[in-house]
Amino acid sequence: MNTDRHLPIYLDHHATTPVDPRVLAAMLPYFTEHFGNPTSTTHQYGWAAEAAVAGARETLAAAIGASAEEIVFTSGATEANNLALKGIAEAYFSKGQHIITLKTEHNAVLDPCQYLELLGFTVTYLPVDADGLLDLSQLKNAIRSDTILVSIMAANNEIGVLQPLAAIGELCRERAVLFHTDAAQAIGKIPLDVNLLNIDLMSMTAHKVYGPKGIGALYVRRRNPRVKLSPQLHGGGHERGMRSGTLYPPQIVGFAKAVEIALADLEMETARLTGLRDRLWSQLSQLDGIYLNGHPTQRLAGNLNISVAGVDGNALLLGLRPTVALSSGAACSSAKIAPSHVLQALGRSESLAYAALRFGIGHNNTVGSIDLVATAAISTIQSLRKLALRS
Ligand SMILES: *Cc1c(COP(=O)(O)O)cnc(C)c1O
């Protein structure tokens, strides 16, 4: 299905993505035909399901330079982040109670951190510069003798900014502090090797990379160093005791297929998306009072986030609604009427943080649809500004 043939054009690929038909095809046999429980070891129904899960685990591990036993399946990145933060906090409690993270993290990192603060942990929320990048010397200075974990995202879900993972990993390794990264937006979009980058824990999800919703994983390093993790779901002892609950073979198979496809197409798709993104920006930036949010080049290929001066953010979204499906700020927080915490961390004024558009360009988008969206956005902005002048 090509969603680009339908209006509104879908440009919200940071919120979720459609399932790739090849992914769906790989999943289907595991609903009705090979429906067994992977932990049923006494019959072929269980063996078939277990073989599928084992194959998917190998594929995912290979995709990030890990080994299969280091992959813990979860319901998505929210659960993986919770497992990483709370699981490390509990397991390393006696070593220290200090955690470092970033102000621009997803709520699935910030909220568990706030919860840990209630339990008595101390959390440092590092600022970012005007482009959304972490300052490494600030991270260096923030590490204390009781720091147990640094949690810094790979790619931001609003502004697409890519943090310098290699340098962060090197610093954490030097100081013997564990390094967790939320790679929900990064997996399948940029190369990620947990050994090259010195990553100890990494959260992943399928549905941002053309896989199904409700499945993700946490990478947990097993050697150099061996990471201890306290489980947050207790039960049948699945996933080497780290996450109990019957595995979901169709989702797991779909997750691995999605990542496999994304990595095979990575270079080509990155170049194509960058072209579309730059095309959109070159048209929109011809207007006055349009500001790019986030670093101009250190960002996901499919991400463009802009603030528009002199218009009401809601009126802008409303005006664009028939043409394009997109989000203002972060989709996850748009239930709350508050300017995005990410745009505020960049130092954007409240009015510019309100009047922001997040374009998330993906597989089905074409040059034609990008031009259509650019034209619609320009005329909507111009007419809203005219109205504002008159009133
Ligand atoms: C989407 C997202 C999440 C949440 O992932 P789910 O799999 O939907 O729970 C966490 N972190 C980031 C950066 C995201 O973009």
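Reading the values: rules and limits
Residues numbered from 1 in each chain as written. Predicted model: local features only at pLDDT ≥ 70, side-chain atom pairs only at ≥ 80, totals over all residues. Heavy atoms only, no water. Helix = DSSP H or I, 4+ residues; strand = E, 2+ residues; numbered from the N terminus. Rg over C-alpha atoms; globule rule 2.2 N^0.38 Å. Buried < 20%, exposed > 50% of the residue type's maximum accessible area, 1.4 Å probe, protein only. Contact = heavy atoms within 4.5 Å. Areas by Shrake-Rupley, 256 points an atom, 1.4 Å probe, with all protein chains shown as cover. Lys, Arg positive; Asp, Glu negative; His and termini not counted. Charge placed at Lys NZ, Arg CZ, Asp CG, Glu CD. Pairing = 2+ DSSP bridges. Right-handed = clockwise from strand over helix to strand, strands pointing away. Patch = residues over 30% accessible without salt bridge, like charges linked within 9 Å, V, L, I, M, F, W, Y side chains within 5 Å. Salt bridge = Lys/Arg side-chain N within 4 Å of Asp/Glu carboxyl O. Axes fitted to C-alpha atoms, helices over the stretch in contact; angles between N-to-C directions. Parallel < 35°, antiparallel > 145°, perpendicular 65-115°, else oblique. Left-handed = near helix turned anticlockwise from the far one by under 90°. Nonpolar A, V, L, I, M, F, W, Y, C, P; charged D, E, K, R; others polar. Near = heavy atom within 4 Å. Polar contact = N/O pair within 3.5 Å; in protein donor to acceptor, adjacent residues only side chain to side chain. Domains from an automatic or database assignment. Buried area = accessible area lost by both parts, 1.4 Å probe. Core = buried A, V, L, I, M, F, W, Y, C linked by side-chain atoms within 4.5 Å.

Colleague: How do you make sense of the overall build of the protein when you look at a structure like this?
Modeller: The helix and strand inventory of the protein stands at 13 helices and twelve strands. Rg of the C-alpha trace for the protein: 22 Å, near the compact-globule value of 21 Å for 391 residues, within the 12% margin. Principal axes of the C-alpha set define a box for the protein whose edges measure 75 × 55 × 35 Å. By residue count, 55% of the 391 residues in the protein fall in the buried class. Considering only contacts in the protein between residues 6 or more positions apart, those separated by 24 or more positions represent 75%. Surface accessibility of the protein: about 16,500 Å² in total, with carbon and sulfur atoms responsible for 56%. A distance of 2 Å separates the average location of the 32 positive side-chain charges in the protein from that of its 33 negative side-chain charges.

Colleague: Would you take a moment to explain the pairing of strand E4 (residues 122-126) for this structure?
Modeller: Two faces belong to every sheet, and in a regular strand the side chains alternate between them. Both strand E3 (residues 98-102) and E4 contribute to a ladder of five bridges, which runs parallel. By the bridge assignment for E4, leucine 102 is matched with leucine 126. On the question of chirality, the crossover connecting E3 to the parallel E4 by way of helix H5 (residues 107-118) is right-handed.

Colleague: What exactly am I supposed to notice about a nonpolar patch on the surface here?
Modeller: A surface patch of nonpolar side chains, amounting to about 440 Å² of accessible area, comprises Val19, Leu24, Leu28, Phe31 and Tyr248. Along the chain, the position of leucine 24 falls in helix H1 (residues 21-27). On the basis of relative accessible area, leucine 24 is assigned to the partly exposed category, the value being 42%.

Colleague: Whenever I open this one, the sheet that holds strand E2 (residues 71-74) confuses me. Can you help?
Modeller: Pairing between the strands of a sheet comes from backbone hydrogen bonds, and it takes one of two forms, parallel or antiparallel. A sheet is described by the order of its strands in space; here seven strands give the open sequence E2-E8-E7-E6-E5-E3-E4, paired in mixed fashion. Because the sheet does not close on itself, it has two edges, and the strands there are E2 and E4. Shown here is a sheet whose adjacent strand axes are inclined to one another by a mean of 20°, direction ignored. Pairing geometry for E2 and strand E8 (residues 216-220), over four bridges, is antiparallel. Paired with phenylalanine 73 across the strands is alanine 217, a residue of E8. Against the sheet, H5 contacts E3, E4, strand E5 (147-151) and strand E6 (178-182), and its axis sits at roughly 145° relative to E4.

Colleague: Before we go on, may I ask you to explain the packing of helix H10 (residues 313-320) against helix H13 (residues 367-390) in this structure?
Modeller: Geometry of a packed helix pair, given as the angle between the helix axes and the separation of the axes. Contact geometry of H10 with H13 gives a least axis separation of 10 Å together with a crossing angle of 135°. On the basis of the axis angle, H10 is oblique to H13. You can see that H10 and H13 cross each other, and the crossing is right-handed. Residues Ala315, Leu316, Gly319 and Leu320 of H10 form the contact with H13, whose participating residues are Ala376, Ala377, Thr380, Ile381 and Leu384. Taken together, the residues that form the contact of H10 with H13 break down as seven nonpolar, two polar and no charged.

Colleague: How do you make sense of the site of the ligand when you look at a structure like this?
Modeller: Surveying the vicinity of the ligand reveals the residues Gly76, Ala77, Thr78, His106, Met153, Asn157, Asp182, Ala184, Gln185, Thr205, His207 and Lys208. Here alanine 77 contributes a backbone N or O atom positioned 2.9 Å from an oxygen atom of the ligand. Glutamine 185 has a polar side-chain atom sitting 2.7 Å from an oxygen atom of the ligand. Computed on the free molecule, the ligand has an accessible area of 380 Å², of which 88% lies beneath the protein chains in the complex.

Colleague: What is the right way to read the domain arrangement of the protein from this model?
Modeller: By convention, interface size is frequently given as the accessible area that disappears when the constituent parts associate. As far as domains go, the protein holds domain 1 (9-19 + 266-390) and domain 2 (21-263). Distance between the C-alpha centres of domain 1 and domain 2: 28 Å. With 32 residues of domain 1 in contact, the opposing surface of domain 2 contributes 37 residues. Where domain 1 abuts domain 2, roughly 2,800 Å² becomes buried across the two surfaces, and 56% of that area is made up of carbon and sulfur atoms.

Colleague: Help me understand the pairing of E6, please; the structure alone is not making it clear to me.
Modeller: Along E6, five of the five residues are buried, which leaves the element largely enclosed by surrounding structure. Burial of E6 is two-sided: the residues Leu178, His180 and Asp182 facing one way and the residues Phe179 and Thr181 facing the other way are all buried. For E5 and E6, the ladder comprises three bridges, and the chain directions are parallel. Within E6, the residue paired with serine 151 across the bridge is histidine 180. Considered for its hand, the β-α-β crossover made up of E5, helix H7 (residues 165-174) and E6 is right-handed.

Colleague: How should I be thinking about the nonpolar core in this particular structure?
Modeller: Side chains of nonpolar character tend, in soluble globular proteins, to be buried together. Judged by nonpolar contacts, the single largest core of 58 residues is most densely connected at Phe73 and Leu139. Sort the elements by how many residues they give to this core and helix H8 (residues 249-264) lands first, with five residues. Per-domain counts for this core show at least three residues from each of domain 1 (9-19 + 266-390) and domain 2 (21-263). Not counting chain neighbours up to four residues away, the residues in contact with phenylalanine 73 comprise Val53, Arg57, Leu60, Ile215, Gly216, Ala217, Glu239, Arg243, Leu247, Ile252 and Phe255. Residues Leu11, Leu280, Ala355 and Ala377 belong to the second largest nonpolar core, which totals 30 residues.

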